[in-house]
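Each chain, letter by letter, is given below.
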Amino acid sequence: MMNILLILLSTLFLDANAEYASGNYSQAAMLYEHLVAEQPSAEVYYNLGNAYYKQGELAQSILSYERALRLKPSYKDAQYNLELVESKIVDRIEEEQSFFLSEQWLFIRNALHMQVWMVMSIVLFVLMLVGFLLFAFSQTVWVRKTAFYTSIVAIVLSVVACVNAASLHYRDVQRTEAIITQGVVNVKSSPDRSGTDLFTIHEGSKVTITDEIGEWCCVRVGNNIGWMQQIHLERI
Amino acid sequence: MKKILSILIVCQLCVLAMAADEVEFVASAPPQVIMGKPFQLTYVVNQVVRDFRAPEFTDFEFLVGPYIAQSSSTSFENGKRTSSFRLTYTYTLKAKKEGTYTISPASVKIDGKQYTSNGVRITVLPPDAPNTGQSQAKNESVSGEQRDSERVNEENIFMRTIVSKTKVCEQEAILLTYKLYFAGVDVAQLTNNIRIPEFGGFLKQDLEQSEIQTELEHYDGRNYQTAVLYRTVLFAQRAGDIKIDPAQFEVVLRVQNRARVRSFFDINNTYTMVAKPLEAPGITIHVDALPSGKPMSYSGGVGQFTMDSKISSTDVQANEAITLTITIKGTGNLKLVKTPSVDWPDAFEVYDAKVTNDFTNTTVGTTGAKVIEYLAIPRAGGQYTIPAVEMAYYDTNDKEYRILRTKEYTVNIARVHGEQETNGVVNSYVNKEDIQQLATDIRYIHTDANMLTIPMHVLRFGSWSFWMCYCVPLLLVVIVFVVFRRRIKENADITRVRYKKANKVAQRRLKVAEKLLRANQKEAFYEEIERAAWTYLSDRLSIPTSQLNKENISQILRAKSVSEALIEMTMHVLSEAEFARYTPQVDGAMQDIFATTSKLINSLEEQKL
């Protein structure tokens, strides 16, 4: 049963690729969407991103690339294309400087898959335990010393890995990151159409959702916070 | 004297002979005449003639003629003697009917030879319509100075804006003319007070302005004298109705002053120079957009064109330049035709094209040729094809797009191997270059259907199994730790260890004893048995062997509530072992002792001591 599904999916995949090669980008995009609805995969999201880009749909393209990278953080092609497409959007996003290391921290966190962090955490924990045992029961001095320091390092790294995995999990579950899909959005001071316009953002920019009320949500872009309607963005 | 005379005669004859070589016989008449009005036709010849024969004036009414006039003159200039002679025959004719007619040439005989003049073409304009018409001569009004300007009105002098076409398509050429019409007024000159409108929406191509000449023209029932004041060629740049604003001109008229007759003696007619502003009306040009379906290679050209190409050479070495020359000839908006692009193969380094324009502005547009030289240098060897160059234009006659193509060229580039000879050693080298970044674009799609990264959840974060992965090893380790700890502690307690190991040690000794029994080594056997028993008791009772003897053993055992029978057995074993050591024994006794000792140890083992 699973095999039949896989065969069907791979034919669909090849069909979609053929459409893309002939220049029928909207057709290809539709087929790729079918595919990911059935079975999400990093490469199909990547192709989808390409198909949207070729049609000029920058926001959708960025969304697809981000989703691809969530499934495969080390996907070089997706990273390259995402960077290229982001260079074509209107806004220049400045990272908020809440913690001076946060950018590097996030970079490292996003570099590996959540599963990898989890496994790493467990392995390091076990290593710590083994080290502890060796420390407790070994007779040789150098063994005890190495074991001691190794355990300390291991438990620290294990906690870090666990925290990263937790962070990624939270991100996947809560889906607080989104891309603006409307050409121009005026972000207001209150969740109301009559609110004062605070700042403007454009299609393709990434925002973080911090709150929700009905059809409005509070977003943060860099150091700017304001309210906008949820229909104008799409979560990654 | 005679000599001088003869020379003079010869000279004169020569001159006459020279004069006789050039016969000029020209007929002339006004190009346009008004029906019913007389005009003059003249024949001028520069020699004495015989037998002047005028042609038949079939289309014209002969009034008077010929009136013959003759003039001659001689002049010396720079030692050269020139003489001229003119004989004029003048006829006065009247046009009978409207139309264009040709008066046949006249003929003369000079020195026996017959010469003919040119023919003359005359256009006869219809007369003025009877309603209009105010000739100045018939005007008997008593005129004050104010009235002078009154005579000059719109019916006598006005301007017309004439365009060759009011409906054109984009980029098509139109000729715009501002023409002055006047009748019965005396125009002295044009002033510089001219305002030509800005031809917004058009590209203007000025024509060479020649000297202003007047012509007779029949317009709207009247015959007017006309003069073209301004002409230009316009190319519409966009579709729609484009309005051209009126133009302002100014002429100076010489108006006869019919002022007060001052005196009989004052017969001078005075003139006033009056400046009259004139406006040439505005006009709207309807511009059709070019039809849709422009070919890809549309160059922006509208008109009629041809394209030709040639190439400097098809066989060159690498790094030698090749020039492709394309010539576009025709009429239309040549100035705006885009340079066609040549799709050079990758190995060619392309340089800017050089464009040479050779245009003439005519009344139908710009005519001429545009020569474009494309220069490229091949950097690698091989055979390459330069594809045909395309240029599409809109043909205004056929009203459709046409595509012109040059032919394809195949060029052969000979490879170049750089070689240096240094001391007889030949080095081949190839110039290395960094990879040139031409442009950036997104990377291509992933095509392998078999290599797809699917989200696999081996472990779900926060799930029970995840935490188990931590807890299980932790638990294991804790257990191991604890167990080990105890072990070590125990190992540190020797007496305790001994206590525990007593049986094992004893059993080991018994095994040895058994071996000795079989080997029938009495001494050794009994020794082993004794040692087994004593050591066992020492270990179990935690009393060193040196402090043990038969007496206190039974005391200790009694104190530990061991049964009397067992104490009895213990004593027995101990005595027997000691005793039998030094006395010869019966064979079976060894076996007995062995069995008894084993039993004793086992029994004591069960006791809590």
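Residues numbered from 1 in each chain as written. Chains lettered and ligands numbered in written order. Predicted model: local features only at pLDDT ≥ 70, side-chain atom pairs only at ≥ 80, totals over all residues. Heavy atoms only, no water.

1. Observations regarding the nonpolar core
Part 1 of the argument: Residues Y20, Y32 and V85 of chain A together with I442 of chain B are the most contacted members of the largest nonpolar core, which totals 37 residues.
Part 2 of the argument: Mapped onto this core, the elements with two or more residues apiece are helix 1 (2-22), helix 2 (25-38), helix 3 (42-54), helix 4 (58-71) and helix 5 (76-86) of chain A.
Part 3 of the argument: Apart from the residues within four sequence positions on either side, V85 of chain A is in contact with Y53, L58, S61, I62 and Y65 of chain A together with I442 of chain B.
Part 4 of the argument: If you look at the next biggest cluster of nonpolar residues, it comprises 35 residues, including L541, M571, F594 and L600 of chain B. (Core = buried A, V, L, I, M, F, W, Y, C linked by side-chain atoms within 4.5 Å. Buried < 20%, exposed > 50% of the residue type's maximum accessible area, 1.4 Å probe, protein only. Helix = DSSP H or I, 4+ residues; strand = E, 2+ residues; numbered from the N terminus. Contact = heavy atoms within 4.5 Å.)

2. Observations concerning the sheet that holds strand 10 (residues 120-125) of chain B
Residue and element names in this part refer to chain B.
Part 1 of the argument: Within the open sheet, the 3 strands sit side by side as 2-10-7. Their pairing is mixed. The open sheet has two edge strands, strand 2 (32-34) and strand 7 (99-103), and neither has a second partner. With strand direction ignored, the average angle separating the axes of adjacent strands in the sheet is 30 degrees.
Part 2 of the argument: As paired strands, strand 7 and strand 10 are joined by 5 bridges and run antiparallel to one another. Counterpart to G99 in the pairing with strand 10 is V124. (Pairing = 2+ DSSP bridges. Axes fitted to C-alpha atoms, helices over the stretch in contact; angles between N-to-C directions.)

3. A look at the interface of chain A and chain B
Part 1 of the argument: Chain A puts 45 residues into the contact, and the matching count from chain B is 32 residues.
Part 2 of the argument: At the boundary of chain A with chain B, total buried surface from both sides reaches about 3300 Å², with 73% on carbon and sulfur atoms.
Part 3 of the argument: The largest share of the area that chain A buries against chain B comes from M118, I122 and F137 of chain A, three residues that together contribute 18% of it.
Part 4 of the argument: Linking chain A to chain B there are 2 salt bridges.
Part 5 of the argument: Here D441 of chain B and K54 of chain A are joined by a salt bridge, their closest N and O atoms 3.6 Å apart.
Part 6 of the argument: At the boundary of chain A and chain B, one finds 8 residue pairs in polar contact (both at pLDDT 80 or more).
Part 7 of the argument: Looking at which element gives the most residues to the side of chain A that touches chain B, the answer is helix 7 (residues 114-137) of chain A, with 12 residues. (Buried area = accessible area lost by both parts, 1.4 Å probe. Salt bridge = Lys/Arg side-chain N within 4 Å of Asp/Glu carboxyl O. Polar contact = N/O pair within 3.5 Å; in protein donor to acceptor, adjacent residues only side chain to side chain.)

4. A word on unusual backbone geometry
Residue and element names in this part refer to chain B.
Part 1 of the argument: At Q171, a position not held by glycine, the phi torsion is positive, near 75 degrees.
Part 2 of the argument: Structurally, Q171 can be placed in the loop between strand 12 (167-169) and strand 13 (173-182).
Part 3 of the argument: The class for Q171 is buried, based on a relative accessible area of 10%.
Part 4 of the argument: A positive phi angle, near 55 degrees, is found at D220, a position not held by glycine.
Part 5 of the argument: Following the sequence through the fold, D220 ends up in the loop between strand 16 (214-219) and strand 17 (222-236).

5. Quick look at the confidence of the model for chain B
Residue and element names in this part refer to chain B.
Part 1 of the argument: On average, chain B scores 81 in pLDDT, and the residues at 70 or more come to 87%.
Part 2 of the argument: Note on residues 132-150: pLDDT is under 50 here. Beyond four places in sequence and across chains, it has 19 contacts.
Part 3 of the argument: At the level of chain-chain contacts, confidence expressed as ipTM amounts to 0.71, with global pTM at 0.43. (pLDDT = per-residue confidence, 0-100.)

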